[in-house]
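Structural features, examined
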Amino acid sequence: MITFTPLSGAARSSRTVPLAYLLQVDDIRILLDCGSPDWNPENIETRSESGNGVIYPWQEYCDIVRKHAPEVDLVLLSHGDLVHSGLYAYAYCHWDLRAPCYTTLPVQAMARIATMEDVEGIRDEQEVDVEEEESDESAAAEGAGSSEPHSPKLKNEPKKFVATVQEVHEAFDAVNTLRYSQPTHLQGKCQGLTITPFAAGHTLGGTIWKIRSPSAGTIVYAVNLNHMRERHIDGTVLYRPAAGGVFEPLARPDLFITDADRVNVVTSRRKDRDAALIDAISATLSSRSSLLLPCDSSTRLLELLVLLDQHWKYADFRFPICLLSRNGREMLTFVRSMMEWLGGTVSKEDVGVDGSGRTGGTRRRRGDDDADDEALGAFALRFKFLEFFPSPQFLLQTYSSKEPKLILAVPASLSHGPSRLLFSDFAVVPDNVVLLTSRGEEGTLGRILFDKWNNSQRGDDKWDKGRIGSNVMMDGAMTLKINSKVPLQGAELEAFLAKEKAAKDREAAHQASMARNQRILEADEDESDEDSDSDSDEEDEVERALDESQMDTDEISNTGNGSPRKRKITKNEDDADWGLDIDEGLTKQLLSFDIYLKGNVSKATSFFKSAGGQTHRFRMFPYVEKKRRVDEYGETIDVGMWLRKGKVLENEAEDDATREVRRNQAEGETEAPREPPSKFVTSEVEIQLACRLLFVDMEGLNDGRAVKMIVPQVNPRKMIIVHAQAAAADALIDSCANIRSMTRDIYAPSVGETVQIGQHTNSFSISLSDELLSTIKMSRFEDNEVGYVTGRVTSHFSSTIPILEPSGPTIPTPNANVLHAPRILGSRPIQILPRSTMIGELKLTALKSRLASVGVQAELVGEGVLICGAGARRDESSNSIQDTVAVRKTGRGRVELEGNVSDIYYVVRKEIYNLHALVAT
């Protein structure tokens with residue numbers, strides 16, 4: 001049984017992003033995508049129905065993902081942008097989403113870069129972990145005996161589920177990567193499932209997932225497709241007109257999950273959209289004005305960069321292209337190393353050759369000394385006109401605000417980061433142009449600007465009518481909230497430093513207490529390990545003698561010089577230490593003695609000890625025997641000694657250059673400037689809009705015409721519509737209802753609504769005996785091998801899995817299964833012949849292709865009839881009808897082969913058998 005539940009991005013919903021769906025196949029739970037919402041919408045607060053609190057746009061979605069995360073058995077990511085993969089890192093680290101995750105290599109890297117750009121931009125502007133930090137601050141205030149008031153904004157601000165950079169790396173390092181068309185047989189709880197990724201277009205590495213289950217059949221998950229070839233990637237493999245239509249492995253699935261967000265949209269030609277974009281850029285720069293182009297940080301940015309780079313080379317522009325992104329350089333470095341995933345005009349033929357035909361060894365990019373630029377594939381995506389800036393401050397240090405330039409700033413939603421900060425300064429300058437390439441998420445500043453532009457267009461020029469609109473002059477005032485981080489000053493800085501000093505003092509006291517307790521424990525351990533035999537008593541005697549002698553020596557030196565003199569610790573020539581075995585953790589004192597002991601030492605009168613306990617001392621060389629400590633495994637290992645010896649060996653093995661590099665690194669770490677104490681502030685800025693606004697659709701998605709053409713050709717048995725508003729979902733359902741061959745089982749569930757398909761089936765495991773396995777004749781069908789067995793189930797004491805063994809031979813009775821009919825004289829008795837089952841669905845077009853490969857001509861005549869042999873050749877006479885065979889499909893699962901017994905007949909029958917899995921029953 002298949003159960004499907006949209007967690008977000010459902011049909012008939014006003015908010016179509018982010019995308020996250022829970023698919024359950026029997027007992028296996030699969031999470032399809034795990035996108036993140038926009039954490040900074042303009043109208044952030046929404047009153048609840050009860051009026052008791054405030055509901056934020058992401059609360060319901062994040063609560064339901066957190067609830068289902070520990071129960072998920074498999075995660076599949078389809079695209080590397082935030083709406084598909086943005087929340088995965090946080091759910092992995094905080095919500096126990098530790099199920100195996102699969103995607104393609106580009107999606108893993110692009111999702112990592114997009115998530116890092118998002119979390120770094122948000123954490124650099126505003127407080128994220130409000131609840132935790134408030135509790136920490138309250139605890140610190142109690143410890144210091146003082147309290148610091150918090151702003152009411154921080155107390156009321158909701159929890160934003162934004163991961164850290166370290167958590168992003170940890171999560172995406174655990175993702176398993178696959179290649180296109182690579183079937184993967186899962187193990188563990190997901191055993192029996194086979195997943196295969198296919199190209200979806202739209203983004204680099206975008207994936208259509210094919211999930212095959214032995215009980216539920218084939219499930220295809222295909223969202224955000226693009227069948228058109230673009231500049232940096234090819235279109236989806238789902239529909240290729242040049243290859244004959246729908247890709248065969250994805251045709252006729254048991255369940256097809258697809259989106260219908262743009263069913264009511266008619267997109268203009270790509271040539272017209274590119275021309276409108278280039279014309280707007282050229283006209284603005286030529287008039288000495290600048291453009292602001294909000295964009296994403298990973299996926300669709302590549303298409304814009306390739307288009308702009310090609311035009312800059314063609315027009316010989318000298319205007320700078322400025323990319324404001326923290327991870328833009330890293331993204332391009334990765335893409336240059338993955339040329340096999342690219343397509344379009346950026347093909348593998350461009351590898352290692354620049355635009356002038358020269359190889360990469362003779363040319364180096366100005367201002368870019370990275371070694372990866374000289375790697376294979378660097379010149380196809382070099383972008384010599386592109387400059388990188390981590391923040392708007394660095395941009396203003398290089399170019400003044402009056403110089404004409406094209407600025408690509410992240411994010412595309414203008415909800416935070418460089419794009420929002422630049423817009424507040426950019427929009428007040430007349431003749432500047434804000435160029436939008438995507439609609440943005442509902443409620444963000446990008447969507448507000450898009451609606452403003454779309455409402456200003458005439459009815460036929462709106463974005464969904466297949467026309468290119470015109471730019472509009474913005475007017476009026478707009479109030480924006482700008483989040484920023486500012487250094488502490490005055491009393492705030494003094495309070496922070498006092499609190500920091502108090503925290504350091506508490507930490508130092510805690511460390512000292514821990515060290516003191518550790519020394520006490522080590523001392524107790526050393527005392528417990530001492531032997532209680534007589535040798536220990538002798539050692540104590542010698543030590544006491546040495547102590548007394550040392551005291552005598554000190555007294556003499558003190559009286560002779562008039563002041564106490566410290567004795568130097570020396571070593572002899574063989575670098576040996578003569579000392580006592582003193583407890584570790586304390587400073588070792590290395591003692592040196594002369595051969596003769598000074599002081600009054602009585603001569604020995606007896607070898608044994610005296611009854612009074614007085615020990616006789618001898619003039620002899622002082623020596624204390626160091627006994628080796630042993631445990632139940634033998635002699636104990638001094639780990640510290642081996643670490644010190646290893647460090648000495650490493651230092652001796654290092655050359656002078658390595659030591660110099662390490663010394664420089666240590667100096668650089670010590671000299672690294674510390675970030676000054678700062679705080680997060682929010683300011684409201686009222687701007688007077690005076691710039692121009694233009695929208696050009698560069699999202700790279702199928703429009704309504706493509707969706708209505710592709711879905712009927714896929715011809716699924718059942719279909720689920722997601723990621724669409726109510727009008728778009730109804731339009732696709734009505735379009736499919738007008739096609740006779742299209743299924744009527746089409747579902748469009750809302751958020752939280754569960755769709756159940758099929759019946760629940762129980763699967764059992766059974767082991768085949770070696771004797772039975774050797775007699776099975778297997779037939780291959782698609783990705784599986786099918787065979788027919790008959791036996792009896794037995795249990796064995798050494799195995800928990802039942803075993804299927806061959807059944808014993810049965811002796812047929814003379815009258816069993818035989819009809820009592822009058823027997824004709826000379827006839828043979830009736831025999832029961834074995835029957836066979838053919839598995840598969842015959843396609844006459846596939847049969848025609850196979851017959852052509854073996855030299856048999858065939859033609860389709862009428863509906864469901866294939867004429868093979870001489871009858872398919874028009875130049876043959878009617879006398880050759882005996883070499884003609886007709887193949888008919890009279891119904892589902894029934895094929896008729898009609899013709900005379902000839903060589904053609906047997907050839908056609910053999911090819912029909914080869915298209916099926918023949919199982920003897």
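Residues numbered from 1 in each chain as written. Predicted model: local features only at pLDDT ≥ 70, side-chain atom pairs only at ≥ 80, totals over all residues. Heavy atoms only, no water.

**Some remarks on the pattern of salt bridges**
Note the cut-off: Salt bridges are defined as contacts in which a side-chain nitrogen from Lys or Arg sits within 4 Å of a carboxyl oxygen from Asp or Glu. Runs of E in the DSSP output that reach at least two residues are strands. Runs of H or I that reach at least four are helices, and both are numbered from the N terminus. Only protein chains enter the accessibility calculation, which uses a 1.4 Å probe. A residue is then buried if its area is under 20% of the maximum for its type, exposed if over 50%, and partly exposed in between.
As enumerated under the stated definition, the model contains 32 salt bridges in all. The partner of K189 in a salt bridge is D73, with the nearest N and O atoms 3.4 Å apart. Of this pair, K189 sits in the loop between β9 (184-185) and β10 (194-199) while D73 is found in the loop between α1 (59-68) and β6 (74-76), placing the two residues 116 residues apart along the sequence. Between D274 and R231 there is a salt bridge whose closest N-O contact spans 2.7 Å. Linking D274 in helix α8 (residues 270-286) with R231 in the loop between β12 (217-222) and β13 (239-240), this pair joins segments that are 43 residues apart in sequence. There is no split in this pair, since D274 and R231 are both buried. Here the salt bridges share partners, and the residues they tie into one network are D261, R262, R439, D697 and E699.

**Brief notes about the packing of helix α4 (residues 105-123) against helix α7 (residues 165-173)**
Selection rule: The axes are straight lines fitted to the C-alpha atoms, using for helices just the contacting stretch, and the angles between their N-to-C directions are given from 0 to 180°. To sort the angles, those under 35 degrees are grouped as roughly parallel, those over 145 as roughly antiparallel, those from 65 to 115 as roughly perpendicular, and the leftovers as oblique. What makes a crossing left-handed is the near helix being turned counterclockwise from the far one by less than a right angle; a clockwise turn instead makes it right-handed. The contact criterion used is simple: two residues touch if any of their non-hydrogen atoms lie within 4.5 Å. Note on residue classes: Ala, Val, Leu, Ile, Met, Phe, Trp, Tyr, Cys and Pro are nonpolar, Asp, Glu, Lys and Arg are charged, and everything else, Gly too, is polar.
Look at α4 against α7: their axes get within 10 Å of each other, and the N-to-C directions meet at 165°. One finds that α4 runs roughly antiparallel with respect to α7. At the point where α4 passes α7, the crossing takes the right-handed sense. Contact with α4, carried on its side by Q108, A111, R112, T115, M116, V119 and E120, involves V165, V168, H169, F172 and D173 of α7 and no other residues of that element. Here the contact of α4 with α7 is composed, by residue class, of six nonpolar, three polar and three charged.

**Describing the pairing of strand β15 (residues 255-259)**
The test is simple: Only when DSSP finds a minimum of two bridges between them are two strands counted as paired.
With respect to burial, β15 is a largely interior element, five of its five residues being buried. Residues L255, I257 and D259 of β15 are buried on one face, and the alternating residues F256 and T258, pointing to the opposite face, are buried as well. In this structure, β12 lies alongside β15, joined through four bridges in parallel fashion. From the neighbouring strand, V220 faces β15, where its bridge partner is F256. Here β15 pairs with strand β29 (residues 719-722) via four bridges, running parallel. The partner of T258 across the bridge, within β29, is I721.

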